[in-house]
Protein chains: 2
Amino acid sequence: MKNIALVGCGLVGGSWALVFSRAGFDVTLYDPSPTAVQTALDVARNAAETLARQDLLHAERVEDVLARLRPAPSLAEAVRNADYIQESAPERLAVKQELYRDLAVAAGPDAVIASSTSGLPASAFTAGIPGRARCVVAHPINPPHLIPLVEIIPAPWTDPSVVARTHALMQAVGQVPIQLSREIPGFVVNRLQSAVLAEGFRLVEDGICSPDDVDAAMSNGLGLRWFFMGPFETIDLNAQGGIADYCRKLGPMYYDLAREQADPRPWSEALVARVEAARRGRTPAADLDARKAWRDRCLARLVRTKREIVQDQE
Amino acid sequence: MKNIALVGCGLVGGSWALVFSRAGFDVTLYDPSPTAVQTALDVARNAAETLARQDLLHAERVEDVLARLRPAPSLAEAVRNADYIQESAPERLAVKQELYRDLAVAAGPDAVIASSTSGLPASAFTAGIPGRARCVVAHPINPPHLIPLVEIIPAPWTDPSVVARTHALMQAVGQVPIQLSREIPGFVVNRLQSAVLAEGFRLVEDGICSPDDVDAAMSNGLGLRWFFMGPFETIDLNAQGGIADYCRKLGPMYYDLAREQADPRPWSEALVARVEAARRGRTPAADLDARKAWRDRCLARLVRTKREIVQDQE
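Keep in mind that what you see is a predicted model, and the values were worked out from it rather than measured.

Glancing now at the UniProt feature "domain: 3-hydroxyacyl-CoA dehydrogenase NAD binding" (unreviewed entry) in chain A. Mapped onto this numbering, the UniProt entry gives "domain: 3-hydroxyacyl-CoA dehydrogenase NAD binding" (unreviewed entry) at residues 3–180 of chain A. Annotation note: span residues 3–180 of chain A, helix share 42%, strand share 21%, distance between end C-alpha atoms 25 Å.

If you want it as structure tokens, here you go:
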């Protein structure tokens, strides 16, 4: 793989642009809206400069990295020489379906066409196109230049070599790919998030604790270990005899909890309003953008520091 | 509050001992087994020395901190002058019931008696004792000297001032208390963990992805934000208009997922064996203790570094 094309620009496209360009790849960008292309370039520049200020990217490399990003005047020109196309178009089925009809013609027969979609399976927008075996989902967690996880989800007709090449490319650019065997609603990440959010809203709705308490339970409790160990490793280290010992002792308790939690609830307007009021008490609406920038600065430093600390202690 | 008594020693007791003594409190320790008292003292010493090696505790303070820990020859002497008693006896109902009958007599009428129990509600072992309004659960996440979260759960008869004094003490020693309105199975932390584990085991059982992939989805994805922001703040910052906007757009998707996840399953032996095999491939059984020590060294550094980074970026 040598040439990367990004189709569909904006926030995600801009962050992807930095992921590939800082790893040394040439990147063409296309979006039907010139404004969106400019947004992606601005996002990439801001992100690169923030990384440089935090010593996470050599300052003298910033311009080189950004120089690898080249807007293309048409879809055809963007993808003509691309070995790998990362599509980040809007999350609307009709938009993707139309785009993939064009991509099928414009992209080379050996190119990988990967979608950033967080919710649509590739089978929903690649069914009818020629060369659909080239298509796969490569779902990033926003923003991918700070959060390495990428979920790779094949459609039933995706060629296994497309999955393998996507996996290898993601590793080559420093991301952490995981591979799903088949399409499933929410993929893995949003299913795990769904489980936590459902319980968080349930606890608040039932008056057990406040929204701030739910957040503290994570950010001062569970999240401290989950930052560097997954849930299975966490319980593996929480019993004398490892995870089998843990499950033998606590499996029945968790099964009882799971039965209580098998209580799917829509999030009512009143409930959402309560949680929103708690959030606005912490971060007024006018400060949300500043808080997002704070989050990204924290993420950048924490991810680098984590790598150092975890290696240092091994 | 001035004098702390720890009743029931061992791993949790030893970590609690350090929490209170490093904050300047005098701590008496009692356990019917002298071996358990020694274990707690050893745990506290090892933990204090590890913190000192990592510059998280001044080296010259270590002996002062440990000198505040004084084993008591009997339960009565341990708790006689205690303003606050943290009980960390074994998680067996009959053991706690008998212990609380003795504690009710030995403890002062104004002392707080807080249990470290992770699963038993205070109502189950304080119902019949005199002065039961003094009793509450203060559930730490292990090890409390590294993980600040403490869940405070009153029994129906717990005096509100007991909850308030426990809350204030936890804040005074640098822990982060959250307050539940009433007893509920799993409290908050284990309910959130239950939701994640249930989904993790479901994904593996259904062949969607490997146990390592579940762990990576957390430790390279969701867990990076949950380390310093809870799940509500995370989604609040993931939509232009904050959490209400997020829920309006994605609530229906999460409701669909919640309905799919309303599928409680016991963890079968075969399933646990698969996850265990994956874990042993990463950490052989003989290395589990070393890995636990690694985890605690990482935790100590990460929690301190997190505080610095988060403040630095504000």
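What follows deals with the relation of the copies chain A and chain B. A rotation about an axis combined with a shift along that same axis relates the two copies of the chain. When chain A is brought onto chain B, the operation consists of a screw motion whose angular component is 180° and whose axial shift is 0.0 Å, with 0.0 Å RMSD remaining. On the angle and the small slide along the axis, the relation comes out as a two-fold axis. When each C-alpha of chain A is compared by its distance to the rotation axis, A262 of chain A comes out closest, at 2.0 Å. A shared binding surface is used by both copies, with 100% of the interface residues of chain A retained as interface residues in chain B.

In space, the 8 strands of this open sheet follow the order β3-β2-β1-β4-β5-β6-β7-β8 (chain B), with mixed pairing throughout. Looking at the sheet topology across the chains shown, the edges are occupied by β3 (69–71) and β8 (176–179) of chain B. On average, each strand axis in the sheet is tilted by 25° relative to the strand beside it, whichever way the strands run. Pairing of strand β2 (residues 26–30) of chain B with β3 of chain B involves 3 bridges; the strand directions are parallel. Paired with L29 of chain B across the bridge in β3 of chain B is P71 of chain B. Of the strands in this sheet, β7 (149–154) and β8 of chain B are in contact with helix α9 (residues 211–226) of chain A, which crosses β8 of chain B at around 150°.

All names here are of chain A. Most of strand β2 (residues 26–30) is tucked away, with 4 of its 5 residues classed as buried. Strand direction decides the pairing type here: strand β1 (residues 3–7) and β2, joined by 5 bridges, are parallel. For L6, the partnering residue across the bridge sits in β2 and is L29. With helix α1 (residues 11–22) bridging β1 and its parallel neighbour β2, the resulting β-α-β unit is right-handed.

This part covers the nonpolar core. Of all hydrophobic cores here, the largest spans 225 residues; its most connected members are F20 and I85 of chain A together with F20 and I85 of chain B. Beyond its immediate sequence surroundings of up to four residues, F20 of chain B is in contact with I4, L6, F25, V27, Y84, Q86, L169, M170 and V173 of chain B.

When the domains of chain A are assigned, the result is domain 1 (3–179) and domain 2 (188–282). Computed from C-alpha atoms alone, the centre-to-centre distance between domain 1 of chain A and domain 2 of chain A is 32 Å.

A few words on the environment of R61 of chain B. Residue and element names in this part refer to chain B. Relative to the elements of secondary structure, R61 occurs in the loop between α2 (34–53) and α3 (62–67). According to the relative accessible area criterion, R61 is partly exposed, its value standing at 30%. The spatial distance from the C-alpha of R61 to the C-alpha of A48 is 9.2 Å, given a sequence separation of 13 residues. Beyond its immediate chain neighbours, meaning those up to four positions away, R61 contacts R22 and R68. Here R22 takes part through its backbone oxygen, which lies 2.8 Å from a polar atom of the side chain of R61.

What follows deals with the pattern of salt bridges. One pass over the full model with this rule turns up 46 salt bridges over all chains. The salt bridge involving R191 of chain A is made with E199 of chain B; its shortest N-O contact spans 2.6 Å. With R191 of chain A in helix α8 (residues 189–205) and E199 of chain B in helix α8 (residues 189–205), this pair bridges two chains. As far as burial versus exposure is concerned, R191 of chain A and E199 of chain B are alike and both buried. In this structure, R279 of chain B and E233 of chain A form a salt bridge, with 3.4 Å as the shortest nitrogen-oxygen distance.

All names here are of chain B. Along the chain, A164 turns up in helix α7 (residues 160–172). Residue A164 is classed as partly exposed on the basis of its relative accessible area, which comes to 46%. As for A164 and E183, which are separated by 19 residues in sequence, their C-alpha atoms are 16 Å apart.

The subject of this paragraph is the pairing of strand β6 (residues 135–140) of chain B. Residues and elements named next belong to chain B. Within β6, 6 of the 6 residues are buried, which leaves it mostly tucked inside the rest of the structure. A two-sided burial pattern is seen for β6, the buried positions comprising C135, V137 and H139 on one face and V136, A138 and P140 on the other. Relative to β6, strand β5 (residues 112–115) runs parallel, the two sharing 3 bridges. Looking across to β6, one finds that S115 is bridged to V137. Note: β6 against β7, 5 bridges, orientation antiparallel. Directly across from P140, in β7, lies its bridge partner V150.

Moving on, we get to the interface of chain A and chain B. Contact residues are listed per partner, giving 110 residues for chain A and 110 residues for chain B. Roughly 10600 Å² of surface becomes buried between chain A and chain B when both sides are summed, with 69% attributable to carbon and sulfur atoms. Among the residues chain A hides against chain B, the three largest losses belong to I208, F232 and Q313 of chain A. Together they make up 7% of the total. There are 14 salt bridges connecting chain A and chain B. A salt bridge links D312 of chain B to R301 of chain A, with the nearest nitrogen and oxygen atoms 3.4 Å apart. Put simply, chain A and chain B have 46 residue pairs in polar contact (both at pLDDT 80 or more) between them.

The next thing to look at is the packing of helix α1 (residues 11–22) of chain B against α2 of chain B. Residues and elements named next belong to chain B. One can describe the packing of α1 onto α2 by two numbers: an axis separation of 7 Å at closest approach and a directional angle of 55°. Between α1 and α2, the interaxial angle falls into the category oblique. Seen along the crossing, α1 lies across α2 with a hand that is right-handed. Listed contacts from α2 to L11, G13, G14, S15, A17, L18 and R22 of α1 are A40, V43, A44, A47, A48 and L51. For the contact of α1 with α2, the class distribution of residues is 9 nonpolar, 3 polar and 1 charged.

Here is what the cut-offs are and how they apply
- Residues numbered from 1 in each chain as written.
- Chains lettered and ligands numbered in written order.
- Predicted model: local features only at pLDDT ≥ 70, side-chain atom pairs only at ≥ 80, totals over all residues.
- Heavy atoms only, no water.
- UniProt positions renumbered as here; feature names shortened; annotations may be inferred.
- Helix = DSSP H or I, 4+ residues; strand = E, 2+ residues; numbered from the N terminus.
- Least-squares fit on C-alpha atoms with pLDDT ≥ 70 in both.
- Contact = heavy atoms within 4.5 Å.
- Pairing = 2+ DSSP bridges.
- Axes fitted to C-alpha atoms, helices over the stretch in contact; angles between N-to-C directions.
- Buried < 20%, exposed > 50% of the residue type's maximum accessible area, 1.4 Å probe, protein only.
- Right-handed = clockwise from strand over helix to strand, strands pointing away.
- Core = buried A, V, L, I, M, F, W, Y, C linked by side-chain atoms within 4.5 Å.
- Domains from an automatic or database assignment.
- Polar contact = N/O pair within 3.5 Å; in protein donor to acceptor, adjacent residues only side chain to side chain.
- Salt bridge = Lys/Arg side-chain N within 4 Å of Asp/Glu carboxyl O.
- Buried area = accessible area lost by both parts, 1.4 Å probe.
- Parallel < 35°, antiparallel > 145°, perpendicular 65-115°, else oblique.
- Left-handed = near helix turned anticlockwise from the far one by under 90°.
- Nonpolar A, V, L, I, M, F, W, Y, C, P; charged D, E, K, R; others polar.

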